[in-house]
Amino acid sequence: MFYFIFAGVNLAGYKNNAKTTLSIVKMLILTILISAIHSISYAQTDSLAKKKIQLSKDSVDAIISYNATDSGVMLLKSKTFFLYGNAKTTYKTAQLQAGKIIFDQETQNITAFGAKDTTGNLKSKPQFKEGDLNSTNDSIFYNLQSGKGLTKNSNFQQGEIFVQAAAMKKVNPTDAFAWKARFTTCNLDEPHFAFRTNKLKIVTNKIGVSGPAFPEFEGVPMPIGIPFGIFPLNKSGGQSGLMAPAFTSSEDFGLGFEGIGYYKVINQHMDATVRANIYSYGGWNINMNSKYIQRYKYLGNFNLSLQNTRALNRNNTIADEFTGGRTYMLNWSHSMDPKAKPGTSFTANVNFGSTKYNRNLLNNSVQNFQNQISSSISYSKSWNNKYNLSVNLNHNQNNNLGLVNMSLPNINFNAITVYPFQSKDQVGAGKWYEKIGIGYNGSVQNQLSFYDSSFSIRRILDTMQWGANHSIPITLSLPSLGPVTISPSISLEEKWFGQQNIKSWNSQLQKVDTTINRGFYRATQMSFGLGTATRIFGTYKFKKGNIKAIRHEIRPTVSINYKPDMAKSYHYATQVDTSGRRYRFSKYDGNGLGGAFSEGQFGGMGFGVDNFLEMKVKDKQDTSADAFKKFKLIEGFGFNSSYNFLADSFALGGFNFYARTTLFEKLNITTSFNLDPYETDAKGFRVNKLSIDPSRLKFGSITNGGVSFSTSFTSKSKDKSKDKKSIPLDPFMTPDEQQRQLLYVRANPAEFTDFNTPWSLNLSYSFQFSKTIKPDYSGFKLQTYSTLNLTGDFSVSPKWKVGGSSYVDLSQFSVQQLSMFITREMHCWQLAINVMPIGIYRSFSITVNPKSGILRDLKINRSRTFSNSTY
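As the structure is a computational prediction, the values presented were derived from the model and not from experiment. Every chain is numbered on its own, with residues counted from 1 as its sequence reads. Under the rules for a predicted model, residues below a pLDDT of 70 receive no local features and side-chain atom pairs below 80 are neither given nor counted, while totals for whole chains, interfaces and linings still include all residues. With hydrogens and water excluded, all non-hydrogen atoms of the structure serve as input to the side-chain values.

Would you mind showing me how to read the overall build of the protein chain here?
Assigned secondary structure in the protein chain consists of four helices and 57 strands. The buried label applies to any residue whose accessible area, calculated with a 1.4 Å probe on protein chains only, is under 20% of its type's maximum; exposed applies above 50%, and partly exposed to all values in between. Looking at the 871 residues of the protein chain, the share that counts as buried comes to 33%. By definition, residues are in contact when any of their heavy atoms lie within 4.5 Å. Here the analysis covers contacts within the protein chain between residues at least 6 apart in sequence; of these, 50% occur between residues at least 24 apart. To measure how exposed things are, a 1.4 Å probe is used in the Shrake-Rupley method; for residues, cover is taken only from the protein chains shown. As presented, the protein chain carries roughly 51,200 Å² of accessible surface, and 58% of it is formed by carbon and sulfur atoms. Going along the chain from the N terminus, every DSSP run of H or I of four or more residues is numbered as a helix, and every run of E of two or more is numbered as a strand.

Is there a simple way to explain the packing of aromatic side chains in this structure?
When we look at a pair of aromatic rings, we describe it by the centre distance and by the angle of the planes. In this scheme Phe, Tyr and Trp rings, the latter by its six-membered ring, pair at centre separations within 6.5 Å, and the angle between planes marks the pair as stacked below 30 degrees, edge-to-face above 60, and tilted otherwise. Taken as a whole and assessed by the stated rule, the structure comprises 32 aromatic pairs. Both rings, one in Trp496 and one in Phe520, keep their centres 5.5 Å apart while their planes meet at 65°; by these two values the pair is edge-to-face. Of the two residues, Trp496 is situated in strand 36 (residues 485–506) and Phe520 in strand 37 (residues 511–533); the sequence distance between them amounts to 24 residues. You can call Trp496 partly exposed: its relative accessible area is 28%. Centroid distance Tyr572 to Phe585: 6.3 Å. Interplanar angle 35°. Geometry classified as tilted. Placement of the pair is Tyr572 in strand 40 (residues 571–575) and Phe585 in strand 41 (residues 582–586), with a sequence separation of 13 residues. Under the relative-accessibility criterion, Tyr572 is labelled buried at 15%. Its relative accessible area of 6% is what places Phe585 among the buried residues.

Would you explain a nonpolar patch on the surface in this entry?
The patches described consist of residues with a relative accessible area above 30% and no salt bridge, like charges being joined within 9 Å and nonpolar side chains (Val, Leu, Ile, Met, Phe, Trp, Tyr) within 5 Å. Whenever Lys or Arg places a side-chain nitrogen within 4 Å of a carboxyl oxygen from Asp or Glu, that contact is recorded as a salt bridge. A cluster of nonpolar side chains, namely Phe713, Trp759, Leu761, Leu790, Phe794, Val796, Trp800 and Ile822, defines an oily patch on the protein surface of about 700 Å² accessible area. Among the secondary structure elements, those contributing two or more residues to the nonpolar patch are strand 51 (759–773) and strand 52 (780–797). Among the elements that line the nonpolar patch, the one with the most residues is strand 52, at three residues. Relative to the assigned elements, Leu761 resides in strand 51.

Is there a simple way to explain the pattern of salt bridges in this structure?
Close approach of charged atoms allows side chains of opposite charge to pair. What the rule picks out here adds up to 18 salt bridges. Between Arg555 and Glu553 there is a salt bridge, with its nearest N and O atoms 3.1 Å apart. Where Arg555 meets Asp610, a salt bridge forms, and the shortest distance between an N and an O atom there is 2.8 Å. Of this pair, Arg555 sits in strand 39 (residues 547–563) while Asp610 sits in strand 42 (residues 602–618), and the two are 55 residues apart along the sequence. Through salt bridges that share partners, Arg535, Arg551, Glu553, Arg555, Asp610 and Glu614 make up one connected network.

Honestly, the confidence of the model for the protein chain in this entry has me stumped. Any pointers?
pLDDT is a residue-level measure of predictor confidence that goes from 0 to 100. For the protein chain, the average pLDDT comes to 80, and 84% of its residues sit at 70 or higher. Ignoring residues within four places in sequence, the model shows residues 1–52, a span with pLDDT below 50, making 53 contacts including any to other chains. The low-confidence segment residues 731–736, where pLDDT is below 50, has 16 contacts with residues more than four positions distant or belonging to other chains.

Would you take a moment to explain the pairing of strand 39 for this structure?
On a regular strand, one side chain projects to one face of the sheet and the next to the other, so that they alternate. Pairing analysis gives six bridges linking strand 37 to strand 39, with the strands arranged antiparallel. Directly across from Ala533, in strand 39, lies its bridge partner Thr557. Strands are treated as partners if at least two bridges between them are detected by DSSP. Both strand 38 (residues 536–541) and strand 39 contribute to a ladder of six bridges, which runs antiparallel. By the bridge assignment, Gly538 is partnered in strand 39 with His552. With antiparallel pairing between neighbouring strands as the criterion, strand 38 and strand 39 make up a hairpin whose turn holds five residues, including Gly545 at a positive phi of roughly 90°. Where strand 39 meets strand 42, 16 bridges bridge the pair, whose relative direction is antiparallel. In the strand pairing of strand 42, Ile560 is matched with Met605.

Quick question: what am I supposed to make of unusual backbone geometry here?
It is generally the case that most residues other than glycine have a negative phi and that most peptide bonds are trans. Residue Pro409 is bonded to the preceding Leu408 through a cis peptide linkage, with omega at -15°. Mapped onto the elements of the fold, Pro409 is located in strand 33 (residues 403–418). The backbone of Asn385 sits at a positive phi, close to 60°, despite the residue not being glycine. A positive phi is found at Phe650, a non-glycine position, where the angle reads about 50°. By the secondary structure assignment, Phe650 is in the loop between strand 43 (628–644) and strand 44 (655–663).

How do you make sense of the pairing of strand 25 (residues 254–267) when you look at a structure like this?
Examined bridge by bridge, strand 23 (residues 241–243) and strand 25 share three bridges and lie antiparallel to one another. Paired with Leu242 across the bridge in strand 25 is Tyr262. Pairing between strand 24 (residues 246–250) and strand 25: five bridges, direction antiparallel. By the bridge assignment for strand 25, Ser250 is matched with Gly254.

Looking at this model, I keep getting lost on the nonpolar core. Mind explaining?
One broad trend across soluble globular proteins is that nonpolar side chains are buried collectively. What is meant by a nonpolar core is a set of buried Ala, Val, Leu, Ile, Met, Phe, Trp, Tyr and Cys residues, joined one to another through side-chain atoms within 4.5 Å. By size, the foremost hydrophobic cluster in this structure holds 15 residues, and its most contacted members are Val163, Met168, Phe183 and Ile202. Listed by contribution, the elements that provide at least two residues to this core are strand 16 (161–170), strand 17 (175–184) and strand 18 (193–203). The residues touching Met168, leaving out its near neighbours within four places in the chain, are Gly149, Leu150, Thr151, Ser154, Phe156, Val163, Ala176, Phe177, Ala178 and Ile202. Among the nonpolar cores identified, the runner-up in size contains 13 residues, and Phe81, Ile110, Ala112 and Leu144 belong to it.

Below, the structure is given as structure tokens:
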């Protein structure tokens, strides 16, 4: 029950007397009116005698809501209000809860104390909350008008930050000073770590600034300190500031600081970050990054890295003490919001730099083995979805060879299929000729190549090539003949080239020479086709057992094609070795723009069969009678080939076999190979004789193929309610930034360990092989590639986890990269040990850092890096 006391008279004693209670209510109303008249005065404001209400100086500017479980006392003479027993008050956005609250209307002071039990011991403390700010104190003194206050033995929380202070003085609504404070992100009463300081200034929702501070772990002070500290109190919002470095040591690069830099907020749409690595042997790395964003218009990211590698020389054959060089890398990503300009888009993903940049990066095993770099800039425009234009600038480079290829610009234009014979006022299905459609596809390509070690404008111009392609497809849509669909087509195509490559035998040097003739050249081709396709279904049902049925779907395709020989004029035969062997070439081979059309006429058929196999089994987790679930046994397997009735030799085309499936919803398998049905001579060249003998299970020779599979196994989570630790995603993060973040996670797996999953294993294997002609045309050689990737981790205990990853090149029987990690969960801290014993750079690092994102730069780091001379 709630009790009111006016001027020392207890009203609860009259609660059972109706007449007395009525008189008390009247007295209460009269008292409130007198108090209201005392607090309000009236003044004349203009000649019209309008009246303006003025509030007295001791009135509050907002409603105060309050309640208490024990009693409330109001002293009218002193204008003081008391609340007893779990008292709660709400003023604007602030909430106060205490055992006893005193409000002095005259001075606008609020005083709050805790509650004691019958033995005199403290059982509760005053608690104050405003926004994400929470505090628990022994006592609170606060003035509503000035915003000033004083708290004793305060425990203050804002966001992820916890502050414990012997006394805290609030000088205005945003600033406060603490005395004998302890600063931490650990939420325990006795935190695992903290910074102790005698003086601390706190700016709400911004920063905390301290004088000399000393860290302590488990209550034990450390013998080292900092002269001052600046601690962020809020992760949100952009704030400029310095970025702390990490110390590193390498016998190849010397001692160094990594990651020292500065972050600058330019405006609400753009920021900039500059970070640097500095090493004692003279090497350095500077990274300049800027992110820009305009909602509903565009977003992007620009990054420029300059690297001066200066490493200790371990090669005794070179006299220089240090080796290295200067490299660079430019990254730019940009995307345009589709809503900004419908029908128009512009995107960019540029990655251009020195071919040795990735190889010289420290502590990044993923980028060390990234030998391919590519870029693309694309602009597209659509006119009412009838005509489409795209302009692309592409680039790719091979870091092993140092070869850079650039295509700029590539222009593509196409017009959708139109039906010139179709009536504008067509009713019904229409005539067959009204379904004749004509389209257009055109493209222009420009390409240049150079080696970055011998870059010059003249050499670039010598390698420049251009070409164009025009295609006019003519189609006819016919109705299906039952389950069979028929699709006739006619295609007219023409290519333009800017050069011819003529190969000839050099009898003096005993090799093949190539002569380049520049000019304007044309190549034309025409083809006719008629394609048919259908689907055949078969189901085998089981009467007993858990298997209900197996469903087989067959998708055969047959096409009839004719292509006249319009390419004979630019094909020729040339001697390729000392034995007099002759090989046929096209004048447009090797131009890098798609090549010319194949020679010879084709009048034949193409055929193929695709299969799909599915099984329906009883669902053991569902007890209902009709509970079944489907499993894909084989998602696709089949072959395709062709036969040329007009060819005088090699009429039967090669067979392409393929298969793909996912077994037990875990194992992904993909395989394919090409089978040549003709025999070969001693050097591997084809002979016009079929190599098919079913009795000997001989069906030709395999020219290329491969198989790959991948699988992952993960144990059940300890607590399914906890989400797996993953990479934090920003909806406005550019693809380039996402890729950089992914590379960081791969390089530092210990910092992203999921302790909720006891163990996990990921495995992938790939094997590829192909027969390629030797550079001197003396025969063929077999090239194989076999790689194995392993990643996994397991929990040694609930707080310890061990894991690693490895990349093995089985074709060379060598481990290219091996990394391992050990991590320890320590409540508010995390220990991470990363070791890379095998790789371009061998390294290890030990890092102890808080989990809080606010203090992510506050870490203890020890790392060493060594180069591997075998790479």
